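What follows is the residue order along each chain.
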Amino acid sequence: MTELAIDIEGLAFAWNDGLPVLDIPRFEVRRGERVFLRGPSGSGKSTLLGIVSGVLKAGRGRVRVLGEDLGLLTGGRRDEFRAAHIGLVFQMFNLLPYLSVMDNVLLPARFSAVRRGRAQPDPATEARRLLDELGIVTKGSPARLVTELSIGQQQRVAVARALLGRPELVIADEPTSSLDSDARDGFIRLLMSECSATGATLLFVSHDTALGGLFDRQLSIGDINRARPQLEQS
Amino acid sequence: MKPLIGLAARSLWNRRGSAALTVFAIAISVMLLVGVETVRNGARESFARTISGTDLIVGARSGPVNLLLYSVFRIGDATTNVSWQSFELVSRHPDVAWTIPISLGDSHRGYRVMGTNGDYFRHYRYGNRQALALAAGKAFEDAHDAVVGAEVARQLGYRIGDEIMIAHGIGEVSFAEHGDHPFRIAGILGPTGTPVDRTVHVSLDAIAGIHEDWQGGTRAIAAEPRHPHDIDDPEGAAAEEAARPALAGITAFLVGMRTKDSLLQMQRALNEYRAEPLTAVIPGVALQQLWQIVNVADRALFLVATFVVLAGLIGMLTAILTSLRERRREMAILRSVGARPMHVFTLLMLEASLLALAGVVLGITAAHAALASTAQLLASRFGLFMEMGGPGVYDLLLAGAVVSAAVLAGLVPAWLAYRNSLADGLTIRT
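What counts, and where the lines are drawn
Sequence order sets the numbering: in each chain, residues are counted from 1 along the sequence as written. Following the order in which they are written, the chains are lettered starting with A and the ligands numbered starting with 1. Per-residue local features of the predicted model are confined to residues with pLDDT of at least 70, and side-chain atom pairs are confined, for both listing and counting, to 80 or more; whole-chain, interface and lining totals are unaffected and use all residues. Should DSSP find at least two bridges between two strands, the strands are regarded as paired. Working definition: helices are DSSP H or I runs of at least four residues, strands are E runs of at least two. Numbering for both runs from the N terminus. The span one expects for a helix is its residue count, reduced by one, times 1.5 Å. To sort residues by burial, count the other C-beta atoms lying within 10 Å of each one's C-beta; a count of 20 or more means buried, 12 or fewer means exposed, and anything in between means partly exposed. C-beta atoms are built from the backbone. Read the arc as the range of directions from the helix axis to the C-beta atoms. Every axis in this analysis is a line fitted to C-alpha atoms, fitted for helices over the stretch in contact. Angles between the N-to-C directions lie between 0 and 180 degrees. Definitions for this section: a left-handed crossing has its near helix turned counterclockwise from the far helix by less than a right angle. A right-handed crossing has that turn clockwise. By the criterion used throughout, residues are in contact when their C-beta atoms, derived from the backbone, lie within 7 Å. Nonpolar residues are Ala, Val, Leu, Ile, Met, Phe, Trp, Tyr, Cys and Pro. Charged residues are Asp, Glu, Lys and Arg, and all others, Gly as well, are polar.

For the rest of this paragraph, the subject is the pairing of strand 2 (residues 20–30) of chain A. All names here are of chain A. Relative to strand 2, strand 1 (residues 4–14) runs antiparallel, the two sharing nine bridges. Counted as the bridge partner of Phe-13 is Leu-22 from strand 2. Between strand 1 and strand 2, which follow one another and run antiparallel, lie five residues, and Gly-18 among them has a positive phi close to 90°.

Given below as C-alpha cells:
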C-alpha cells in the first residue's frame, strides 16, 4: 500500500479549445494529510478536482489516487472507483431536494457496494451517528426533507454523506462559500475532526486564504500549476 | 436498476405538479383509446349476436341495411308495409319451415312495441342459436296480453299482471296513447343482450285492434279485398285469414327455410316478386354490410384515438426535456455520489416509463369505470351491449404498446442527460 493518497506526475489538461488549463509537473498528498489548496476562480482548481475524482480524464501524465492509476481505468471503472473511495462536498446545493436527510446521506451506499460494506455496523446506523456528531439529528427527525434545513445544516449533511462508508479521500470544493464566518470555522473543524476519526485524507479547495491556517499544509494552485488559464469552465 | 426506481419515483414526486399533468394527458388519451376500442368491440359483438337462425328478413322494397335496422335493431322506420297476402304466400311455401310476422310502429314509454304471434317465441333465435326464454309468466294468449323484454321490465319495474298503455308513434313522450286499449303483462323474457330486451311484444290481433278506429294513423285499417291472382293460394288460406283480424299489412317478417339449398332461390324469387315490391336479405350478409358502414367511422375513431395517445406521449417528452435543464445539478450530485452516466440514462428512462405506466393504469381504470357506469345508457340508447369483463388482454396489449412507445420516446431525454452528465461531470452549472 502506497503512502500517497494523490500522486500526480507530468499532468497536462486542456479543454476542447486547446488552451492549457493544467500543467502540473508534480503534486503529492500523503495519506491522512489535510491539505488546503488555494486559488482564485479560473485557476484550474475545479478541473484538477475533476481529474483527481476521476470524472475528467487527464490529457497527458500520470494520476495515481490511492495507488490506482486513473489513466488506466475506463470511464465506468473510474466511476466505480470514485463511488467506493472518494467523498465529495461542493459549494452549496449538495443535496437532492426530493430525498429526506437520511436518504441523502445514504446515497453513496446506494451506488457502491464497497461503501455499503464499510459502513459499520450498517449504513443507516452509521448515517445516524454521523448526523448526530454533526449536530443535525438533535432537532427533528432524519426523515425530514433537506429543504427544511438551513444552508449550514445542509452543508453538514453533505459532509455526513461524503464520510459515509469511510472513503479514504474526501474532496471539498469551496464548501464554505455560502456560510458566514462563524459557521465557516465550526464547519471546517467538524470536517477535519471527522476526517481524522476515519483517517481520511482531506483535500480542501477554496479561494479564501483566511482558512489555510487550520490545515496541515497549505499551498496555492499557482505553486503547482505552470499553466495560467484565463478562464475556467465553471 | 433497483436503487434507481426509488430515486426516479421520488424525483417525479418532487415535481408532482407537472408529472401529474403528464400522467393525466397520457391517461386521457389511453382512456379514449380503450373507450373507442371497447365500444367498437361491443358494437361488433352486439351486431353479430343480435339475430341467428333466421335465413331471410323480408320487408317492403328498401335497402338491405335499412331493412335490417328497423326489423332487427328497431332503429328507424319502414317506408311501407308488406301485405298480409305476401306474408301468407311465403309462409305456406313448401320450402319454408317457419315465418315470424313483425309489426312495428307503436311504443311504450320509449320502448318499441312489436306485434307478432306465437311463432316468434317458438322460432326466434339470437346469439349462438339460443331460443327466447321466459323469465316469468307466459307468452301472450289474447289481444290484451303483452310480453316485455328483460330491460323493459327492469327499467320500468314491471311485474306480471301490471297494466300498461301503448302510444302511437315511437317517441319517448307521446301525446297520443291508445288509452282505450290497455295491456296486461303476461310474460317477461329473460335477458338476451339484444334489442329484444328493449321490446314490448304484443299479438298482431292487438295491433290490429288498437288501430281499428285510429283515423289519423299511419296504417290502412280496413280489410282489403284479397288479390285474386295470388298464384298458389289454396282454399284453406281464406278460411285461416278469416279467423284473423283485418290487418292489411305487417312491417316485415322473418323466414326460416327447411333446407339451405333453396335459400338463394327463395331470396331471388322474393326480390323479383311482381305483385309487390319486396326486399329479402340474408341477415349475415346485411349485418356485414351494416358493419362495413359503421366500421369506417369506427376506424377513423381508432386512428384519432391513436394520434391522441401520440400527442400525450409528446407532451411527456416535452415535460421531461424541459426539466433536464434545471436538473443538471441533480445529475451532478448523483454523479458525485457514485452514479455513472449509465445510471443517469437509466434514471431518465425509468422516469418516462413510470409516467407512462401511471398514465396507462389510470387511463385503463378510468375507461373501464366510465364504461361500466355508462353501460346501461349505451345499451338502452344505442343498443350497444358491452362485454363487461374488466380489463382484458386487449388492455394489456395496449398498455404494453403505450409504455413501449414511452420508453422509445424516453430514449431522447435519457440520451441527452447521459451526454450532459458526461460533459458536465461534477461541475454544477448555476
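Moving on, we get to the sheet that holds strand 5 (residues 68–69) of chain A. Residues and elements named next belong to chain A. Pairing in this open sheet of four strands is antiparallel, and the strands run 2-1-4-5 from one edge to the other. With partners counted over all chains shown, the strands left at the sheet margins are strand 2 and strand 5, one partner each. Bridging between strand 1 and strand 4 (residues 60–65) involves five bridges; their strand directions are antiparallel. Looking at the pairing, Ile-8 lines up with Val-63 of strand 4.

Residue and element names in this part refer to chain A. Over its 18 residues, helix 8 (residues 181–198) extends 26 Å from the first C-alpha to the last, a length consistent with the 26 Å expected when each residue adds 1.5 Å. Of the residues making up helix 8, those classed as buried are Arg-184, Phe-187, Ile-188, Leu-191, Glu-194 and Cys-195. Taken down its axis, helix 8 places every buried residue within 135° of arc, on the same side. Residues of helix 8 that are exposed and point over 90 degrees away from its buried face: Asp-182, Arg-189, Ser-193, Ser-196 and Ala-197.

Attention now goes to the pairing of strand 4 of chain A. Residues and elements named next belong to chain A. Where strand 4 and strand 5 come together, two bridges link them in antiparallel fashion. Across the sheet, the residue bridging to Val-65 is Glu-68, located in strand 5. Joining the antiparallel neighbours strand 4 and strand 5 is a turn of two residues, in which Leu-66 adopts a positive phi near 55°.

Okay, the packing of helix 2 (residues 16–50) of chain B against helix 13 (residues 393–424) of chain B next. All names here are of chain B. Packing of helix 2 against helix 13 brings their axes to within 11 Å, and their N-to-C directions diverge by 145°. Judged by the twist between their axes, the crossing of helix 2 over helix 13 is right-handed. Side by side, helix 2 and helix 13 meet where Val-30, Leu-33, Val-34 and Glu-37 of the first sit next to Tyr-394, Asp-395, Leu-398 and Val-402 of the second. Along the lines of polarity and charge, the residues of the contact of helix 2 with helix 13 split into six nonpolar, no polar and two charged.

Okay, the interface of chain A and chain B next. Contact with chain A, which involves 25 residues of that partner, is made by 18 residues of chain B. Residue classes in the side of chain A that touches chain B are distributed as 13 nonpolar, eight polar and four charged.

Let us look at helix 1 (residues 45–52) of chain A. Most of helix 1 of chain A is tucked away: eight of the eight residues are buried. When helix 1 of chain A is considered as a whole, its buried residues turn out to be Lys45(A), Ser46(A), Thr47(A), Leu48(A), Leu49(A), Gly50(A), Ile51(A) and Val52(A).

Residues and elements named next belong to chain B. With respect to the secondary-structure elements, Leu-104 resides in strand 3 (residues 96–108). According to the C-beta neighbour criterion, Leu-104 is buried, with 23 such atoms within 10 Å. Between the alpha carbons of Leu-104 and Thr-251 there is a distance of 6.1 Å; along the sequence they are 147 residues apart. Contact partners of Leu-104, with chain neighbours within four places excluded, come to Tyr-70, Arg-112, Met-114 and Thr-251.

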